[in-house]
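# Summary of the model geometry
Chain residues, written in single-letter form:
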Amino acid sequence: MISGRRTPKYEKNIYLIGFMGAGKSTIGELLAKKLNRKFFDTDDLIIKELGISISQIFLERGELYFRDFESNMIKNVAKNIQAVIALGGGAILRQENWKVIKSSGVSIYLKWNIQTLLARILGDQERPLVKQKIGPSGKNEIERLLVEREPFYERADIILDCDKMEPAQIVNKIISALQEGK
Ligand code: S3P
């Protein structure tokens, strides 16, 4: 490396962002394998560190506790150099998380149509926000959440329309987008 050259962000960490059910973990794992990079999933790291499920964290300690813990986890995991990192669906809500994401790598929004996401997440008992938002009007509540969050997801460096694509195709698209961005 030429001394003094700053590492382009496309060669730094890769952050996968998107709504619940976007396949951040599945795609992240495949992408990391293909690029020969380390893979981290912040939800999994939180579960490991606290020894309880995300549902239990929300129930026993509250959402604010989870969000604070998540922000700390993002700071820690961002210390990696060239990792692939899957973030929880709500990580984009905090400006402090964006600061870390933007300064340590490239962010990719895995964008899906709402119907696809709903089909994947409805009835998932492991997702506390899904549980909370499913009442008689549950479906609308989840749609509302996605609409509310869309502008945050769209802050990503790369927005990838994933509809009708298989994980392997998405991985290839990501790799092409990264190469184009160099
Ligand atoms: C959340 C998404 C979840 C998890 C937590 C909160 C959210 O992650 O971090 O339940 O606010 O969208 P996934 O996006 O991996 O399901």
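Above this note sits the structure.
Residue positions are given per chain, counted from 1 along the sequence in the order it is written. In keeping with the predicted nature of the model, local features appear solely for residues at pLDDT of at least 70, side-chain atom pairs appear and are counted solely at 80 or more, and the whole-chain, interface and lining totals rest on all residues. No hydrogens and no water enter the side-chain calculation; it runs on all heavy atoms of the structure.

## Remarks on the environment of Gln82
This is how it is decided: For helices the rule is a DSSP run of H or I covering at least 4 residues; for strands it is a run of E covering at least 2, with both sets numbered from the N terminus onward. With a 1.4 Å probe rolled over the protein chains alone, any residue whose accessible area is under 20% of its type maximum counts as buried; one over 50% counts as exposed, and the rest are partly exposed. Whether two residues touch is decided by their heavy atoms; if any such pair falls within 4.5 Å, the residues are in contact. N or O atoms within 3.5 Å of each other form a polar contact, as long as, within protein, one can give a hydrogen and the other can take it, and as long as residues adjacent in sequence are counted only when both atoms are side-chain atoms.
Tracing the sequence through the fold places Gln82 in the loop between helix 4 (63–77) and strand 3 (84–86). Overall, the relative accessible area of 40% leaves Gln82 in the partly exposed class. It is 9.7 Å that separates the C-alpha atoms of Gln82 and Leu35, two residues lying 47 residues apart in sequence. Beyond its immediate chain neighbours, meaning those up to four positions away, Gln82 contacts Glu11, Lys12, Asn13, Arg37 and Lys38. In terms of polar contacts, Gln82 uses its side chain to reach the backbone carbonyl oxygen of Glu11, at 2.6 Å.

## Quick word on the sheet that holds strand 5 (residues 158–161)
Applicable threshold: Following DSSP output, two strands are said to pair if at least two bridges run between them. Working convention: axes come from line fits to C-alpha atoms, limited for helices to the stretch in contact. Angles between N-to-C directions cover 0 to 180 degrees.
Reading across the sheet, the five strands line up as 2-3-1-4-5 and stay open at both edges, with parallel pairing between neighbours. Of all the strands in the sheet, just strand 2 (39–41) and strand 5 have a single pairing partner and so form its edges. Recorded for the sheet is a direction-independent mean angle of 20 degrees between the axes of neighbouring strands.

## Re the pairing of strand 1 (residues 13–17)
In terms of residue burial, strand 1 counts as a mostly covered element, since five of its five residues are buried. Judged by which residues are buried, strand 1 turns out to be covered on both faces: Asn13, Tyr15 and Ile17 on one side and Ile14 and Leu16 on the other are all buried. Inspection of the sheet shows strand 1 paired to strand 3 by three bridges, in the parallel sense. Of the residues in strand 3, the one forming a bridge with Leu16 is Ala86.

## A look at the site of the ligand
Selection criterion: The criterion for a residue being near a molecule or strand is simple. One of its heavy atoms has to lie within 4 Å of it. For the area figures, the Shrake-Rupley method with a 1.4 Å probe applies, and any residue is considered shielded solely by the protein chains shown. Each residue gets one of three labels, nonpolar for Ala, Val, Leu, Ile, Met, Phe, Trp, Tyr, Cys and Pro, charged for Asp, Glu, Lys and Arg, and polar for the others, Gly among them.
Neighbouring residues of the ligand: 13 residues in total, closest Lys24, Asp43, Arg67, Arg127 and Arg149. Contacts to the ligand include Lys24, whose side-chain N or O atom sits 2.7 Å from an oxygen atom. With respect to the ligand, the side chain of Arg149 contributes an N or O atom lying 2.7 Å from an oxygen atom. In isolation the ligand offers 390 Å² of accessible surface; the protein chains occlude 94% of this area. Those elements giving two or more residues to the shell around the ligand turn out to be helix 4 and helix 7 (128–133). Of the residues that constitute the shell around the ligand, the class distribution is five nonpolar, three polar and five charged.

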